[in-house]
Amino acid sequence: LSAGMRAALKRDYPTFRIFKLDDYQEELRLQLQPWSTNLICYSAVFRDFNGDGLFDAAVLGEYNEQHLGEGTSSNPAIPDADTRSFAVLAILSQGTTNYTVSEVTRIGTSKTVSTYLGLSAPGKKFKNYGISVTEGVGGTVYYWDDKQKGFKEIVAGGM
């Protein structure tokens, strides 16, 4: 990630950690390792997702969310627990040096990761690249919807 992307990610999701190859299930690790390129790897993809002509990134990882206590603490403003969430985050360019970060989707948590990222080419309906999220044998593609200013889910199917 560029310095600007890393700064935006740290600002908006300070506990977010991008998955490393060791986080993946062993059999998936063997499939994913030789598959990486400079635009795509198991936990990050780079393309123009929002149509501004500049590279964006999508990253797969985990972060901790703090939840406010509900009657379990003497002060309900004090967080009483952290919840681990797996998510795909998009780091979108806003000009050449600014970035915004938004959650594309959350995925199920487990001790080892069985989900990985890919790219989906532009098509008739969507003119920008999409973020492909593969889980097991099925997949979902998320394309940027400029009208809604967010990602739209397209089920890609599986076996």
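Structure shown above.
Not measured: the values here are computed from a predicted model.

Cut-off values and rules
Residues numbered from 1 in each chain as written. Predicted model: local features only at pLDDT ≥ 70, side-chain atom pairs only at ≥ 80, totals over all residues. Heavy atoms only, no water. Helix = DSSP H or I, 4+ residues; strand = E, 2+ residues; numbered from the N terminus. Buried < 20%, exposed > 50% of the residue type's maximum accessible area, 1.4 Å probe, protein only. Contact = heavy atoms within 4.5 Å. Phe/Tyr/Trp six-rings, centres within 6.5 Å; stacked < 30°, edge-to-face > 60°. Salt bridge = Lys/Arg side-chain N within 4 Å of Asp/Glu carboxyl O. Pairing = 2+ DSSP bridges.

Can you help me understand the side chain of T134 in this one?
Checked against the element boundaries, T134 lands in strand β8 (residues 130-135). Take T134: its relative accessible area is 16%, and that puts it in the buried class. Contacts of T134, omitting those with residues within four sequence positions, involve S114, T115, Y116 and G139.

For this particular structure, what's the right way to read the packing of aromatic side chains?
Aromatic rings in a pair are described by how distant their centres are and how their planes are angled relative to each other. A complete count under the given rule lists seven aromatic pairs for this structure. Seen from their ring centres, F19 and F86 are 4.9 Å apart, and the 75° between their planes marks the pair as edge-to-face. In this pair, F19 is assigned in the loop between β1 (17-18) and α2 (26-32) and F86 in strand β5 (residues 79-94), connecting sequence segments 67 residues apart. F86 shares its class with F19; the two are buried. Aromatic side chains F126 and Y143 sit 4.4 Å apart centroid to centroid with 5° between the ring planes, which places their arrangement in the stacked category. Of the two residues, F126 sits in the loop between β7 (115-120) and β8 while Y143 sits in strand β9 (residues 138-145), which places them 17 residues apart along the sequence. In terms of burial, F126 and Y143 fall into one category: buried. Each residue in the set F19, Y24, Y42 and F86 is aromatic and connected to the rest through ring pairs, giving one cluster.

Is there a simple way to think about the pattern of salt bridges in this case?
It is possible for side chains of opposite charge to pair when their charged atoms get near one another. Inspection of every chain in the model, using the stated rule, returns five salt bridges. A salt bridge links R11 to D12; the shortest N-O distance between them is 2.8 Å. For R11, a relative accessible area of 53% puts it in the exposed group. Using a relative accessible area of 32% as the deciding quantity, one classes D12 as partly exposed. Between R17 and D23 there is a salt bridge, with its nearest N and O atoms 2.9 Å apart.

Looking at this model, I keep getting lost on the pairing of β8. Mind explaining?
Residues in a regular strand project their side chains so that they alternate between the two faces of the sheet. Most of β8 is tucked away: five of the six residues are buried. Relative to β8, β7 runs antiparallel, the two being bridged by six bridges. Paired with Y116 across the strands is T134, a residue of β8. Sheet topology note: the β8/β9 ladder contains five bridges and is antiparallel. Considered in β9, the bridge of E135 is made with G138.

The values are spatial; any link to function lies outside them.
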